[in-house]
Amino acid sequence: MSTQDSAAQDSAAEPAGETRAPAPRPAFDRTRQVARSGGIGWVLLVALLLIAAAGGMLLIPPERAELYIMALLAVLATVGVFSLFALASGIFRTSSKDDAPTALKAVADGAFDGIVVTDAGGRVVYANAAYLELIEADGTQDVRPLERVFIGEPEVSEAIYRLMKAAREGRRHQEEVRIASGNDAPGRWLRIRVRPLGADGRDARMAVWSVADVTRDRDRQENVFQDLQHAIDYLDHAPAGFFSVNGAGDVVYLNATLAGWLDQDFARVGSGGLTLTDIVAGDGAALLIPRNPTPGEVRTEVVDLDLKTAMGRPVPVRLHHQIAFGADGVPGVSRTLVLNRGRDDGTDDMQRAAEVRFMRFFHNTPMAIATVDKFGRVARNNPRFARTFTDTMKDGNASILTLVAERDRPALEAAIQKASEGQGDIPPVEAQLVGPSERWASFFVLAVEDEDRDREAAIVYALETTAQRTLENRINQQQKMESVGQLAGGIAHDFNNVLSAIMMATDFLLNAHKPTDPSFQDIMQIKQNANRAAALVRQLLAFSRKQTLRPQVLDLSETLSDLGMLLKRLIGEKVSLDVLHSRDLWPVKADLSQLEQVVVNLAVNARDAMPDGGKLTICTSNVTASECINYNAKGMPAADYVLVEVSDTGTGIPQDIIEKIFEPFFSTKEVGKGTGLGLSTVYGIVKQTGGYVYVDSKPGNTTFRIFLPRHDAVAEDSLPKLAAGEAPAIADAMSAAARAEKAATANADLTGQGRILLVEDEEGLRALNARGLASRGYTVLEAGNGVEAIEVLEQEGSVDLVVSDVVMPEMDGPALLKEVRRRYPTVKFIFVSGYAEDAFAKSLPDGDMPAFLPKPFTLKQLVATVKESMS
């Protein structure tokens, strides 16, 4: 191969632009012989046909031979005449050795690259002069295919195998191989290609090979690569840092100098493992995010900020940041030169140190700061400003006025105008920010003390106050709800006294009148309206969380299933009901009747929101402490809850009133179609049970979510038990009023004997209660408050039972109970009150919970409770 290598090297060494001299050897072409053999075959075929025709004539009878001979001659004459016309017009051409396309063949013969054509068996059919010169063939007998030419080159064997496989499969393929040269000469690079000669037939089984010497091209590429390596080496070890960031914020290049300053690992660069925020301290990365793109613009900015090392240590730098925008305005990869301003070069540069301190103060302040011109266009800003307002200002308008809602823009614009005129003491502007969510900010505007105010007329400090306003609104709402609750509880207490007197009086009237009396129905109407008023008062107490609850351990699946039939009757046939229960639902502890009232109120509201029909869905599920964050339930601590979701497909609740729906007497229904206490009752009952209620609403879907605390029976059993003989706790006591009502129904004899001390500050109500008890055979002593009750006991001695109000002047019920227990330990006690037991339970002696009768009550309930307590 040494002679071949020399020939190829001589060919590669020709100067560019020169024309190769004609090849000394003629091209090898086996196709000429193939063409000549094809013409003789046609001649032999025609001769055989003529001999067959002559033989056939011998078999024809003599009398008919003349006719057949004339017919054959006519046919031959016709074919001959047609052939003459075809030859004259060019339709037929005579075969000759020059019929091949001589122009194309000349191109192949004189090509610079070696070209060889092989048949299906791998034999050479054609080889041009360049190929013959490459293999230094001595003659036509020395023409060899490529696999035989490089048979002694182990480095080329694998490439030749892949090329031959592609030739057999009729595919195109290309390889570049290096051929070693002898005599210490440099090796050569050859590019070898193979392709099928044609698409089908005999041509598809033939392959065209081309061999080109690309040594000069490879040397040129190697030189370019070495130059590039030198340039990268120069850039890597330059005395300045350099990095590049793509549009996604990934660092795609970091030179060695900057990597050394920041102690960063090169393995993270370019793989997405190192981002801009990993090397820029604080919010400084926001300054490098492209803003207000202009198609085709190349923008260069000078930015002073802190980079940070892998350990978080700040490095003060000055960046020359360049970024190019495409024709569509999309930013390309950035190019950033980094100058280290914190390196100790042995000089005492006080100005540089001062600039670094100011830069850190300016960039790390929690306030967004920007300088603007008199029209509000932003000239410079700190990272906090860029991070807070980039999304708002990225649409191409860099005016700070576009940050605030349209109604607040005139105030901010006026403040900037005052600053541009040099005025001071400009009051801050509280404005709502634009955007999908409600955000607020305070803007403080100061004048710039500079003669050139065309570019920077004012400094604007922006402090976002969204969280503060949200907290203030929440506190205000909570205080308002508590105030309304206190008011509602106080009103309910006073109403209970009035209603107790009315209900007691109607009982006396009903006892004095027969059903046939004309006045009996009027008295019944008074009593029914008094009962309705009592129900409204109970709702007010529910909202104020001062009603009496009798909690018990409940399985919500059973509770809601039992309530299903009632709900279906309430919502009607137009609304479908779907109740979905979670498996293994945790127990809760709540008042059954009050919890049912919650579900009923929500179902009725849902029905009213779907006048044309719809779907009501009630779902239950367990919510663990770790899952609470998924519900964005503000104010609810993380714990285990049982969730009740009540969803409807109604009209939804407008967002401007959704914060008011739990307020008492607030209603969106027409006058006379609602009291406005339905949702406030839900709110009060859930809160008093220790749960939380939230609402999400949009047109077509409103969902109320009630979170009830999970009941832990083990924890409850671990609580200290009451000593023997002590009264049961509030949570386990049965309502005295309920027991009395049951006793009154079961046993009509409510008479009794004994001395009763009745303590009530409402004189009219006290008189009616005393009259009712006296009518049942009891001896009644009366007192207006606790002090008078003690005086009566001192004068009259001990009594069998004390029936006392809770809230009274001078001495209230709990104080009276303590004093009576001290003097007369065996005296029985009954509390009556318009408030719940929980409101005064903390004021009672430990373990001492007397019977309780909530106001308003009827005469039967009073005497039944008294009789049960004295029995």
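This is a predicted model, so every value here is computed, not measured.

Participant: Describe the pattern of salt bridges, naming the residues involved and giving the relevant values.
Facilitator: Under the criterion given, the structure shown has 23 salt bridges. A salt bridge links Glu645 to Arg705; the shortest N-O distance between them is 2.8 Å. Taken together, the positions of Glu645 in strand β21 (residues 641-648) and Arg705 in strand β23 (residues 701-709) put the pair 60 residues apart, joining distant regions of the chain. Residue Glu794 is joined to Arg823 by a salt bridge in which the shortest nitrogen-to-oxygen separation is 2.8 Å. Of the two residues, Glu794 sits in helix α23 (residues 786-796) while Arg823 sits in helix α24 (residues 813-823), which places them 29 residues apart along the sequence. Through salt bridges with shared partners, one network takes in Glu794, Glu819, Arg822 and Arg823.

Participant: Summarise the sheet that holds strand β22 (residues 692-698); cite the residues concerned and give the values.
Facilitator: Working definition: the strands of a sheet are paired by backbone hydrogen bonds and lie parallel or antiparallel to each other. Strand order in the open sheet formed by 5 strands is β18-β20-β21-β23-β22, with mixed pairing between adjacent strands. Of all the strands in the sheet, the pair left with one neighbour each is β18 (575-580) and β22. The sheet shows a mean angle of 15 degrees between the axes of neighbouring strands, taken without regard to direction. The pairing of β21 with β23 spans 8 bridges and is antiparallel. Within β23, the residue paired with Glu645 across the bridge is Arg705. Contacts from helix α17 (residues 556-571) reach β18, β20 (614-623), β21 and β23, with the element oriented near 180 degrees to β18. Together, β20, β21 and β23 form the strand contacts of helix α18 (residues 592-608), whose direction differs from that of β23 by roughly 175 degrees.

Participant: Before we move on, can you summarise the packing of aromatic side chains with the specific residues and values?
Facilitator: Scanning the entire structure with this criterion turns up 6 aromatic pairs. When the centroid spacing of 5.9 Å and the interplanar angle of 55 degrees are considered together, the rings of Phe242 and Tyr253 count as tilted. Taken together, the residues span a long stretch of sequence, with Phe242 in strand β7 (residues 241-245) and Tyr253 in strand β8 (residues 251-254) at a distance of 11 residues. Take Tyr253: its relative accessible area is 22%, and that puts it in the partly exposed class. On the numbers, 5.5 Å between centres and 75 degrees between planes, the contact of Tyr631 with Phe707 is edge-to-face. Residue Tyr631 is found in the loop between β20 and β21, and its partner Phe707 is found in strand β23; the two are separated by 76 residues along the sequence.

Parameters at a glance
Residues numbered from 1 in each chain as written. Predicted model: local features only at pLDDT ≥ 70, side-chain atom pairs only at ≥ 80, totals over all residues. Heavy atoms only, no water. Salt bridge = Lys/Arg side-chain N within 4 Å of Asp/Glu carboxyl O. Helix = DSSP H or I, 4+ residues; strand = E, 2+ residues; numbered from the N terminus. Pairing = 2+ DSSP bridges. Axes fitted to C-alpha atoms, helices over the stretch in contact; angles between N-to-C directions. Contact = heavy atoms within 4.5 Å. Phe/Tyr/Trp six-rings, centres within 6.5 Å; stacked < 30°, edge-to-face > 60°. Buried < 20%, exposed > 50% of the residue type's maximum accessible area, 1.4 Å probe, protein only.

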